[in-house]
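Architecture and fold: a report
Below, each chain spelled out in residue letters.
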Amino acid sequence: MYWSRFLSLHALWVTVSSMMQHYPSVWGHYDVCKTQIYTEEGKVWDYMACQPEARDMIKYVKVTLDPPDITCGDPPETFCAMGNPYMCNNECDASTQELAHPPELMFDLEGRHPSTFWQSTTWKDYPKPLHVNITLSWNKTIELTDNIVITFESGRPDQMILEKSLDYGRTWQPYQYYATDCLDAFHMDPKSVRDLSQHTVLEIICTEEYSTGYMTNSKIIHFEIKDRFAFFAGPRLHNMASLYGQLDTTKKLRDFFTITDLRIRLLRPATGEIYVDEQHLARYFYAISDIRVYGRCKCNLHATGCKEENKRLLCECEHNTTGPDCGKCKKNYQGRPWSPGSYLPIPKGTANICIPSISSIGNPPKFDRIWPNISSLEVSKPNQANVCDNELLHCQNGGTCINNVRCQCPPAYTGILCEKLKCERDPGGCGQNSGQGAMAHRPLILLTALLGAAGLCTW
């Protein structure tokens, strides 16, 4: 009896453990770009939408501060505990490692004692505002997959704005406002993410939830990504198909979770009260011990890998695409305009691979000796291959289109569209008997190919 109970408990634990392991990886779908499948015509590639695994993006960040001399310690400076303005035995000295608080300590490994953190100068120039901009740059487009978390060692700021850029810092837009009094600071009514809905998920809000004064258990500020996902995927993000569908069909929604840069604008340090104590300005400053940003390289659903090269993240593009974000077709694969992959239909999506250019069909690129399953040329069948069809890419010279995958050519012809005479490959060329009829049709063949190319360009 005890043994059976143990087995039951063990089975329950395995089930729970499995669920716990899968919960953080809800964004782990679309992890294969292509597989080989067997058809009546042999092996072909089956292409799928794919994306890299989410990771800790702080490992690849570059941080800049404005003003650049805002970090404490040069010259050395004494600062006080916020809770007790008479306890001023803390020192910041940039020339001494144990007393320095440089920006890189916002991103070092936590758990060391004493804790490490970046710290600004104190508010010694009051009433001049103590403003600091902390810019995090990746030189790469990334998609956020988890909450942005900022841990303060000072009190959480009385006023702060989190901003994002989608164009490498050229322009900025607010992500969220933080204040002890939203109406006074930003002329906005206070809200939390819980007040939003599917229809208002893109609303920029001001929250008072994270702007209390210094408390040992209240050091963290969040920008809630998962709570916004939950409006579409459910409280525990189990219905990811719904979220993927929304991301695929609502451009502004996908862009909302996409960034190249983040900027933390610190506008007023924690004071703990309405009025600033001008006699003890050494108690007012900013200090951050940790910043967490989780996401994935944006590869337009054309890659599962993202590598660091020359201190820059680059997608390892597939589907005949290229560029830092797989944002264009490779040379000789521009048979139709480039398009990002699609999450739909669930669960494999649509690859929208780049196809060979018409001008290169005579010498087709190699595909490991397997002609690919070229997806999404035919709208009604987005995963159906379209090497040939009955509208734009006719098989020439009496060739027959087999399942849109290849042309079955008459004995005298070869090429992807049966557009070449086999005798042209022979040293003697085409004799009078072998090619006269075919040569008469070649202008028509070229004209048809050109018309097909013109039609493709309008897609």
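Residues numbered from 1 in each chain as written. Predicted model: local features only at pLDDT ≥ 70, side-chain atom pairs only at ≥ 80, totals over all residues. Heavy atoms only, no water.

1. Some remarks on the overall build of the chain
Secondary structure summary: the chain contains 6 helices and 24 strands in total. Expressed as a percentage of its 459 residues, the buried residues of the chain come to 46%. In the chain, once contacts between residues fewer than 6 apart in sequence are set aside, the share between residues at least 24 apart is 62%. For the chain, the computed accessible surface area is about 24200 Å², with 53% contributed by carbon and sulfur atoms. (Helix = DSSP H or I, 4+ residues; strand = E, 2+ residues; numbered from the N terminus. Buried < 20%, exposed > 50% of the residue type's maximum accessible area, 1.4 Å probe, protein only. Contact = heavy atoms within 4.5 Å. Areas by Shrake-Rupley, 256 points an atom, 1.4 Å probe, with all protein chains shown as cover.)

2. Re the state of the cysteines
Counted by the stated rule, this structure contains 8 disulfides. Residue Cys 299 pairs covalently with Cys 315 via a disulfide, S to S 2.0 Å. Its S-S torsion of about -90 degrees marks the bond between Cys 299 and Cys 315 as left-handed, since a negative value means left-handed. Residue Cys 299 is found in the loop between strand 16 (294–297) and strand 17 (305–309), and its partner Cys 315 is found in strand 18 (residues 312–316); the two are separated by 16 residues along the sequence. Classification of Cys 315 by relative accessible area gives buried; the value is 7%. (Disulfide = S-S within 2.5 Å.)

3. So, the packing of aromatic side chains
Enumeration according to the criterion identifies 13 aromatic pairs in this entry. Judged by centre distance (5.1 Å) and plane angle (65 degrees), the ring pair of Tyr 30 and Tyr 343 falls under edge-to-face. Of this pair, Tyr 30 sits in the loop between helix 1 (2–22) and strand 1 (34–39) while Tyr 343 sits in the loop between strand 20 (328–329) and strand 21 (400–402); the two residues are 313 residues apart in sequence, bridging distant segments of the chain. Across the pair, Tyr 343 and Tyr 30 agree in class, each one buried. Measuring from centroid to centroid gives 6.3 Å for Tyr 178 and Tyr 210, while their planes differ by 55 degrees, and the two rings are tilted. Placement of Tyr 178 in strand 11 (residues 173–179) and of Tyr 210 in the loop between strand 12 (206–207) and strand 13 (220–223) is noted, with a sequence separation of 32 residues between them. (Phe/Tyr/Trp six-rings, centres within 6.5 Å; stacked < 30°, edge-to-face > 60°.)

4. Digging into the pairing of strand 10 (residues 159–165)
Among the 7 residues in strand 10, 6 count as buried, and that is most of the element. Note: strand 10 against strand 11, 6 bridges, orientation antiparallel. Within strand 11, the residue paired with Met 160 across the bridge is Tyr 178. Both strand 10 and strand 14 (residues 258–268) contribute to a ladder of 7 bridges, which runs antiparallel. By the bridge assignment for strand 14, Glu 163 is matched with Arg 263. (Pairing = 2+ DSSP bridges.)

5. Brief notes about helix 3 (residues 226–233)
When helix 3 is considered as a whole, its buried residues turn out to be Lys 226, Arg 228, Phe 229, Phe 232 and Ala 233. Angularly, the buried residues of helix 3 cover 155 degrees about the axis, an arc narrow enough to put them on a single face. Backbone geometry just downstream of helix 3 places Gly 234 in the positive-phi region, at approximately 90 degrees. (Arc of directions from axis to C-beta.)

6. Side note on the nonpolar core
Soluble, globular proteins show a tendency: their nonpolar side chains are buried together. Of all hydrophobic cores here, the largest spans 60 residues; its most connected members are Trp 118, Ile 134, Trp 138, Ile 150, Leu 266, Ile 291 and Val 293. No other element matches the 6 residues that strand 8 (residues 132–144) contributes to this core. Ignoring any residue separated from it by four or fewer positions in sequence, one finds Leu 266 in contact with Trp 118, Leu 130, His 131, Val 132, Ile 134, Phe 152, Pro 157, Gln 159, Met 160 and Tyr 286. Among the nonpolar cores identified, the runner-up in size contains 9 residues, and Cys 388, Cys 407, Tyr 413 and Leu 417 belong to it. (Core = buried A, V, L, I, M, F, W, Y, C linked by side-chain atoms within 4.5 Å.)

7. So, unusual backbone geometry
Backbone torsion omega between Asp 74 and Pro 75 reads 5 degrees, so that peptide bond is classified as cis. Relative to the assigned elements, Pro 75 resides in the loop between strand 4 (62–66) and strand 5 (77–79). Note the cis peptide between Tyr 126 and Pro 127, where omega equals 15 degrees. By secondary structure assignment, the location of Pro 127 is in the loop between strand 7 (118–119) and strand 8.

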